[in-house]
Amino acid sequence: MLQVRRHSQVTFLHSEVLDRIPRIVHAFSTRRGDRNDFTLGPPSSPNPIVQMNRARFVASIGAPGWPIIKLNQVHSGTVCDIDDTSAAGEAVEGDAAITALQGVILSIQTADCVPILVADSEARAVAAIHAGWRGTAAHIAETTVLRLMEKCGVDGKSLAVAVGPHIGVCCYEVGDDVVEAIGDAAVFERRPEWPKPHLNLAEANRRQLVRAGVPERQIEISSLCTRCREDLFFSYRREGKGAGRLLSVIGIAP
Ligand SMILES: [Zn+2]
């Protein structure tokens, strides 16, 4: 289970499997700062409050002043290799990032989609993944883990993965297009009281991670639903386009 922590007036969630790895810095943000409007996105509109909140967030988790790599997330299966910090100034297009650099923060912005953070047991490399239904259908989690193994020379068995707060199967009603795109009946739930099937996005991604070689016991999945838990999270389904954004971050301390 993810643990709730509060530091410097900022509330965030921590994963036990990632906490066990020395030098890994990580967190999933919540909407709780001084009040309940601690938004960390979107990045498209330059917003001084968002910039300030981001700086406060990374400082509160022990990465003060580290460059933050932001992705221009487009619901794709594209994985970006971050080999230098020049990408910190501008958003790179893609939905996952991997790096072996130290003192750099990889970030994923969500408001219902699944944020996934990955590290190997020796803190040699990390990854951050944005998996909505389109990214999941494009196998982004599986592709990212395979790339991490190939590029950074880490063993799948040494990987620890935290799946952060996302829209739960309780609230994630989907249409036939999604059922068809995902193509695995086992990750949908149907109940008499639901007019349409519901997608279990975390389970779909868990299966990809296991298929890529991550041991099941090293995958930690948040059971908190972003749509149900208005007290903790922003939700696109609940609040629409104007919803604030949560930020999930990971990095390697120098
Ligand atoms: Zn829910």
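See the structure above.
Report on the accompanying structure. Model, not experiment: these values are computed from the prediction. (Residues numbered from 1 in each chain as written. Predicted model: local features only at pLDDT ≥ 70, side-chain atom pairs only at ≥ 80, totals over all residues.)

Here we take up the overall build of the protein chain. For the protein chain, the helix and strand inventory stands at seven helices and 16 strands. Against the compact-globule benchmark of 18 Å for 254 residues, the protein chain has a radius of gyration of 17 Å, which places it among compact chains. C-alpha atoms of the protein chain, sized along the principal axes, occupy 50 × 40 × 30 Å. For the protein chain, the residues scored as buried account for 46% of the 254 residues in total. Nonlocal contacts in the protein chain, meaning residues at least 24 apart in sequence, comprise 65% of its contacts between residues at least 6 apart. (Helix = DSSP H or I, 4+ residues; strand = E, 2+ residues; numbered from the N terminus. Rg over C-alpha atoms; globule rule 2.2 N^0.38 Å. Buried ≥ 20, exposed ≤ 12 C-beta atoms within 10 Å, placed from the backbone. Contact = placed C-beta atoms within 7 Å.)

Locating Met52 in the fold gives a position in helix H2 (residues 48-60). Residue Met52 is classed as exposed on the basis of its 10 C-beta neighbours within 10 Å. Remark: the alpha-carbon pair of Met52 and Gly156, spanning 104 residues in sequence, is separated by 36 Å.

Right, let's talk about helix H4 (residues 140-152) for a bit. Compared with an ideal rise of 1.5 Å per residue, which puts 13 residues at 18 Å, H4 spans 17 Å between its outermost C-alpha atoms and is within 8% of the ideal. Downstream of H4 by a residue or two, Gly153 has a phi angle that is positive, lying close to 65 degrees. (Expected span 1.5 Å × (residues − 1).)

With respect to burial, strand S16 (residues 246-252) is a largely interior element, seven of its seven residues being buried. Taking every second residue as pointing to the same face, both faces of S16 are buried, with Leu246, Ser248, Ile250 and Ile252 on one and Leu247, Val249 and Gly251 on the other. Note that strand S3 (residues 24-29) and S16 share five bridges and pair antiparallel. If you follow His26 over to S16, its bridge partner there is Ile250. (Pairing = 2+ DSSP bridges.)

With that out of the way, let us pick up the nonpolar core. One broad trend across soluble globular proteins is that nonpolar side chains are buried collectively. Grouped together as the largest cluster of nonpolar side chains are 73 residues, with contacts concentrated most on Ala97, Val118 and Val161. Here Val161 is in contact with Ile116, Val118, Leu209, Val214, Gln218 and Ile219, once residues within four sequence places are set aside. (Core = buried A, V, L, I, M, F, W, Y, C linked by C-beta atoms within 7 Å.)

If you walk across this open sheet you meet the six strands as S6-S8-S11-S10-S12-S15, and the pairing is mixed. A strand with exactly one partner marks an edge of an open sheet, and here the two such strands are strand S6 (79-81) and strand S15 (219-221). Put simply, the sheet's adjacent strands are angled 15 degrees from each other on average, direction ignored. Pairing of strand S10 (residues 114-120) with strand S11 (residues 126-131) involves six bridges; the strand directions are antiparallel. Along S11, the bridge assignment pairs Val118 with Ala127. (Axes fitted to C-alpha atoms, helices over the stretch in contact; angles between N-to-C directions.)

A word on the sheet that holds S16. Neighbouring strands of a sheet are bound in pairs by backbone hydrogen bonds; such pairs are parallel or else antiparallel. Pairing within the open sheet is mixed, and its six strands lie in the order S1-S2-S3-S16-S9-S4. Pairing within the sheet leaves two strands with one partner each, and these edge strands are strand S1 (3-7) and strand S4 (68-69).

Of all the residues in helix H6 (residues 201-211), the buried ones are Leu201, Ala202, Ala204, Asn205, Arg206, Gln208 and Leu209. Downstream of H6 by one or two residues, Gly213 has phi in the positive range, about 115 degrees.

Okay, the packing of H4 against H6 next. Look at H4 against H6: their axes get within 8 Å of each other, and the N-to-C directions meet at 30 degrees. As judged from the angle between their axes, H4 and H6 are roughly parallel. Considering only the axes of H4 and H6, their crossing is right-handed. Residue-level inspection shows Ala141, Glu142 and Val145 of H4 in contact with H6, the latter providing Asn205, Gln208, Leu209 and Arg211. For the contact of H4 with H6, the class distribution of residues is three nonpolar, two polar and two charged. (Parallel < 35°, antiparallel > 145°, perpendicular 65-115°, else oblique. Left-handed = near helix turned anticlockwise from the far one by under 90°. Nonpolar A, V, L, I, M, F, W, Y, C, P; charged D, E, K, R; others polar.)

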